[in-house]
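# Observations on the model geometry
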Amino acid sequence: MSALNIKKGSTSHSAYDLRSGSTEIEESHTLAVIVENEPGVLARVIGLFSGRGYNIDTLNVGPTHDPKMSRMTIVTRGDDSTIEQIVKQLNKLVNVLEVQDFRDADYVDRELVLVKVKVDSKTRAEVMQITDIFRAKIVDVQPTSLTIEITGNESKVEKFLELMSNFGVAGLTRTGKVALPRK
Amino acid sequence: MSKQMTGAQMVIQALKDQGVEIVFGYPGGAVLPIYDEIFQQNDIRHVLVRHEQGAVHMAEGYARSTGKPGVALVTSGPGATNAVTGLTDALMDSIPIVVLTGQVPTFMIGTDGFQEADTVGITRPCTKMNWLVKDTANLADTIHQAFHVATHGRPGPVLIDIPKDVQFATAEYVPAEKAKISHYQPRTAGDPAQIARLVELMESAERPIIYSGGGVINSGPRASQLLRELVAETNFPITSTLMGLGSYPASGKNWVGMLGMHGLYEANLAMHGCDVMINIGARFDDRITGRVKDFSPKSKKAHIDIDPSSINKVIRVDVPIVGDVTEVLEELLRQWRARGSKTDQRGLSQWWKQIDEWRAVKCLTYKPSTTTIKPQYALERLEALTKGMDRYITTEVGQHQMWAAQYLGFEDPNRWMTSGGLGTMGYGLPASIGVQVAHPESLVINVAGEASWLMNMQEMGTAMQFRAPVKQFILNNERLGMVRQWQELLHGERYSSSWSESLPDFVKLAEAFGCKGIKCSDPKDLDDAIMEMIRYDGPVIFDCLVEKHENCFPMIPSGKPHNEMLLSADADAFKSGAVLV
C-alpha cells in the first residue's frame, strides 16, 4: 500500500471526486422524442434535462398524426457520451415511446421565425428586397416597421436575421427547430 | 360481468388482485374513504406508522426482504411530502414500492386547498413513474399499471395520487388481467452474441474478477443460484457492492469481500489489478470507482444490467449486455457449458496466489481493548452469536453501516437491507419493522448508530403496537461517527457539529415505549447482553456504548484510485501529519 499523500485543498478533502468535467467537444444535436399524449409528459422530459444537468437549446412540442402521441423536437448540446446518456435516459421514461437520434440519420428540419424589423421610407424597399430573395413573407406592415415570417433551416434563418439586424430588430419570436427523418 | 364500485373500494380490490397482504400507512382527510374500506375487510392488514417516512421505509424493508412490491398509503399534502425521502431512497436502490397518496378533490386542485400539494410534481423526479387519477373509471387500471411498472425492468418506486372525489365516485372495476399494461415491456434477454463475447473474454482471463451488485438480488433468488454456479464452474474471485451482499455467500471460498470506499483491501486491489472485470447488476457508483480516470486501468470490462442507461454512464465497457441477470446468467452458463469452456488455469492460480497475499494483510484488523467495546468487536460478537440463525439485518447510515457490511457475513440474498444510494439516516428502524412484519418468526436486527436511529425513533411505537420484536442494536459513540472521521482525517480535526450532547437514556426510552432496554459498556458483559437481546420476546433497544473515536478502515479517500487505500495501520502516521503535505 502506498502512503496517503493528500495535498491541502486537493479533491480528496471532499466526499466526492471534484475533478473538472468532461473536456470533450460539445456539439449541437437534434433529437425527436415521441411521447404518449398525457398530462405531465412535457414536465417529465424537461425535468430530466434540468435534473441531470443537460442543456436544451430549443424545444418544440406538438401532436402527431395519431392524437394519442406527441412529437417533441429538442436541440441540445453535449459531447458524444452526454448525448448517448440523454438518449438512454429519455428511453427510460415510461411514457416515452421512441427517441429518434438525428446524429447519423438523414432528416429535414425547419424553423419558423417572426421578426419585426424597424424601417423608414429609405430602408423599407431594401428590407422588402432581401425578404423577397430569402422567399420570406411580409405579414404585417406598420409606418415604422415590417413583420416578416421566414421559414427554413438553421443557416438560412440565421443569415436572414443577421441581415435584418443591420436595420434594427424590434421584436423576434422563433418556434425552435422541428425535424422529421426522410425515411 | 361489469362490477360497479367506488374508487375507495377499487383501491382495496386492486391491491388484493395484486396479491398485497400488508399496507403501511397513516390516515388523513384526503384518504379517509380508503381507510373506511380498509376497516370493513380482513384480507389486507394495515400497519399504522408514526410518520409517513417510516411507512415508505417499511415498504422498502418489506420489498427488499420478500422480493414482492411494498405498499404505502398516505394522505395529501404533508403526508405526501413526508414520503419523498423514502421514494428517493427506493429510486436510488431500485426497490419496487407502490405509494398511494390522497389528494384534495379534483375541483379544488390548484386552489391552494387545505393539505394540498402538487404531489405528482414534487415526486416526479423521485419516482420511476407517477400518476394523478382524475377519473374513477381509470383508477383500477392505473393501479395495475403501477404494479407492473414498479416490478418490471429496473424496479423502482411508483406513486398514484388519488383525489378524494375520485375515491367517492363509482365506476366499473377493471380487473388486473384486463388492464392496459401499456407499451412498457423492458427487454430482459441479453444479446447472445454479446454473451458469447463475454464467454471468450472469460476463457482468456488471467486475472478475472466478478463484481456483483444489487441487481442480482433484484433479479430474484434464481439469479443468486446461477451466480454461485458460475463462480463454482470458473473458480473466479467474486466481490460485491454494499447492495449485493448475500448473493454469493460470505463463507464461499471465492468470496473476497465487499469492495468500494470502505471495502476490503483484497477486493479493491483485485478490482484495480484485474484483466477481466465482469460487472453483474452493479452500476459503477462513485463509492465504488473512486477516481474514474484510474479505475481498473488494465481490464476489459463486461457489464450486465437491465437498465441500458447504466451502461457507459460512468465507466465505458467493452462488452455491454442489457438484460435481466437471471436470463443473462442462464444463457452465459448455457454457452459456457456448450462450448466446453475452460479457464486459464495457470493464470488463475497465480492470480489467487496474489489475492491470498493481499488477504494476508488482514485489513479488518483493529486494536482490541479489554476496557471499552470496540464497534468492530461488538459486530464480531453479534455475528458469532447469531450465525446460522434465521436472521435479517437492516442498518442505518454511517460508520456502523460500513462495519456491519465488513464484519457480518451474509449467506443468502434478501437478508441485508441498507440504504446504499441515497444514504438515508433513519432508514434502518422502520425498514426492520417492514422486514419483521413480513417474517414474523425471524430474528430481525437493526444495526444502528445512535444519531441515525434518533431520526425515526418514533417508529418504536409502531413496533410495539404491531408486536414486531425488532432488535435495535445501537453502536453508541455519542458522535456522528462518519462525519467525525472525515473531519479528523481531512478537516484538521475541527469537529464542527458532529457530536450530540443531551442524548436520551436509551434504556429509559425503551421503558417509555414499553419495550426492553439493555445497556452495555463492558466488553466482558457483551455476549450475555447480546444473548439477552436475542432471547427477549419483543422489541429491544440495545444501547451499546462503544469507543468514541474509532475510525472505519480501510478507506479510499474520494478522488483516489483503488490502490491508494488507507488502512488502519496508516492512520496513525496520517494523523500525526507525517504524510499530510
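Residues numbered from 1 in each chain as written. Chains lettered and ligands numbered in written order. Predicted model: local features only at pLDDT ≥ 70, side-chain atom pairs only at ≥ 80, totals over all residues. Heavy atoms only, no water.

Turning to the overall build of chain B, a few remarks are in order. A count of helices and strands for chain B gives 24 helices and 20 strands. In terms of overall dimensions, chain B is globule-like: its C-alpha atoms have a radius of gyration of 25 Å, near the 25 Å expected for 581 residues. For chain B, the spread of C-alpha atoms along the three principal axes comes to 70 × 60 × 45 Å. Split into buried and exposed, the 581 residues of chain B put 62% on the buried side. A separation of at least 24 residues holds for 77% of the contacts in chain B among residues at least 6 apart in sequence. Carbon and sulfur atoms make up 51% of the accessible area of chain B, which amounts to about 21,300 Å² in all. (Helix = DSSP H or I, 4+ residues; strand = E, 2+ residues; numbered from the N terminus. Rg over C-alpha atoms; globule rule 2.2 N^0.38 Å. Buried < 20%, exposed > 50% of the residue type's maximum accessible area, 1.4 Å probe, protein only. Contact = heavy atoms within 4.5 Å. Areas by Shrake-Rupley, 256 points an atom, 1.4 Å probe, with all protein chains shown as cover.)

Scanning chain A for helices and strands turns up four helices and nine strands. The helix and strand sequence of chain A, counted from the amino end, reads β-α-β-β-α-β-β-α-β-β-α-β-β. Out of the 183 residues in chain A, the part that is buried amounts to 40%. For chain A, the share of sequence-separated contacts (at least 6 apart) that also reach a separation of at least 24 residues comes to 71%. Here chain A displays about 10,400 Å² of accessible surface, and carbon together with sulfur accounts for 51% of that area.

Attention now goes to the pattern of salt bridges. Taken as a whole and assessed by the stated rule, the structure comprises 35 salt bridges over all chains. Two residues, Glu111(A) and Arg174(A), come together in a salt bridge whose shortest N-O distance is 2.9 Å. Pair noted here: Glu111(A) is in strand β5 (residues 107-118) and Arg174(A) is in strand β8 (residues 169-174), with a separation of 63 residues, a long-range link. Residue Arg174(A) is classed as partly exposed on the basis of its relative accessible area of 34%. In this structure, Lys524(B) and Asp522(B) form a salt bridge, with 3.5 Å as the shortest nitrogen-oxygen distance. Salt bridges linked by common partners bring Glu26(A), Asp57(A) and Arg77(A) together as one network. (Salt bridge = Lys/Arg side-chain N within 4 Å of Asp/Glu carboxyl O.)

All names here are of chain B. Taken together, six strands build an open sheet; the order of strands is β11-β10-β9-β12-β13-β14 and the sheet is parallel. The sheet is open, and its two edges are formed by β11 (255-258) and β14 (319-322), each paired on a single side. Going from strand to strand, the sheet's axes swing by 15° on average, the running direction of each strand aside. Examined bridge by bridge, strand β10 (residues 238-240) and β11 share two bridges and lie parallel to one another. Paired with Ile238 across the strands is Trp255, a residue of β11. (Pairing = 2+ DSSP bridges. Axes fitted to C-alpha atoms, helices over the stretch in contact; angles between N-to-C directions.)

A few words on the domain arrangement of chain A. All names here are of chain A. We note that the domain assignment places domain 1 (4-104) and domain 2 (108-181) within chain A. Listed by partner, the interface residues are nine residues for domain 1 and seven residues for domain 2. The contact between domain 1 and domain 2 buries some 640 Å² in all, and 57% of this surface belongs to carbon and sulfur atoms. Together, Asn60, Thr73 and Phe102 form the three largest contributors to the area buried by domain 1 at its contact with domain 2, with a combined 51%. (Domains from an automatic or database assignment. Buried area = accessible area lost by both parts, 1.4 Å probe.)

This part is about the state of the cysteines. All names here are of chain B. Applying the stated rule across the entire model yields zero disulfides over all chains. Cysteine Cys274 shares no disulfide, and the gap to the nearest cysteine sulfur, in Cys363, comes to 18 Å. Exposure remark for Cys274: the relative accessible area of 0% places this residue in the buried category. (Disulfide = S-S within 2.5 Å.)

Residue and element names in this part refer to chain B. Spatial strand order, β3-β2-β4-β5-β7-β6: six strands in an open sheet with parallel pairing. Sheet topology places β3 (45-48) and β6 (129-132) at the edges, where each strand pairs with a single neighbour. Shown here is a sheet whose adjacent strand axes are inclined to one another by a mean of 20°, direction ignored. One ladder, built from five bridges, connects strand β4 (residues 70-74) with strand β5 (residues 97-103); its direction is parallel. Its bridge partner lying in β5, Ala72 is registered against Val99. In this fold helix α7 (residues 139-151) packs onto β4, β5, β6 and β7 (157-163), with an angle of close to 165° to the strand it touches most, β7.

Below, the discussion takes up the packing of aromatic side chains. Aromatic ring pairs: the centre-centre distance and the angle between the two ring planes describe each pair. For the coordinates displayed, the defined rule picks out twelve aromatic pairs over all chains. Taken together through their ring pairs, the aromatic side chains of Tyr211(B), Phe284(B) and Phe295(B) make up a single cluster. (Phe/Tyr/Trp six-rings, centres within 6.5 Å; stacked < 30°, edge-to-face > 60°.)

The biggest cluster of nonpolar side chains holds 104 residues, and the ones touching the most others in it are Ile280(B), Phe473(B) and Phe542(B). Judged by nonpolar contacts, the second largest core, of 41 residues, contains Val47(B), Val470(B), Leu509(B) and Ile541(B). (Core = buried A, V, L, I, M, F, W, Y, C linked by side-chain atoms within 4.5 Å.)

Let us look at a nonpolar patch on the surface. A grouping of Leu42(A), Ile46(A), Ile56(A) and Val61(A) is seen on the molecular surface, where their side chains present a nonpolar patch of about 280 Å² in accessible area. Of note, Val61(A) is situated in strand β2 (residues 58-63). (Patch = residues over 30% accessible without salt bridge, like charges linked within 9 Å, V, L, I, M, F, W, Y side chains within 5 Å.)

What follows deals with helix α2 (residues 80-92) of chain A. Residue and element names in this part refer to chain A. The end-to-end C-alpha distance of α2 is 18 Å, a good match for the 18 Å that 13 residues give at a rise of 1.5 Å each. Those residues of α2 lying buried are Ile83, Glu84, Gln85, Ile86, Val87, Lys88, Gln89 and Leu90. Here the buried face of α2 lies against β1 (27-36), α1 (41-51), β3 (69-78) and β4 (96-101). (Expected span 1.5 Å × (residues − 1).)

Turning our eyes to something else, we now look at the confidence of the model for chain B. All names here are of chain B. Mean pLDDT over chain B stands at 95; residues scoring 70 or higher make up 98%. Between residues 575-581, whose pLDDT stays under 50, and residues either more than four places distant or in other chains, the model counts 16 contacts. Here the prediction assigns the complex a pTM of 0.93, and the interface score ipTM is 0.87. (pLDDT = per-residue confidence, 0-100.)

Residue and element names in this part refer to chain B. Most of β7 sits inside the fold, with seven of its seven residues counted as buried. Burial of β7 is two-sided: the residues Pro157, Leu159, Asp161 and Pro163 facing one way and the residues Val158, Ile160 and Ile162 facing the other way are all buried. In this sheet, β7 lies alongside β5 in parallel orientation, the contact comprising seven bridges. The partner of Gln103 across the bridge, within β7, is Pro163. One ladder, built from four bridges, connects β6 with β7; its direction is parallel. From the neighbouring strand, Asn130 faces β7, where its bridge partner is Leu159. With α7 bridging β6 and the parallel β7, this β-α-β connection has right-handed handedness. (Right-handed = clockwise from strand over helix to strand, strands pointing away.)

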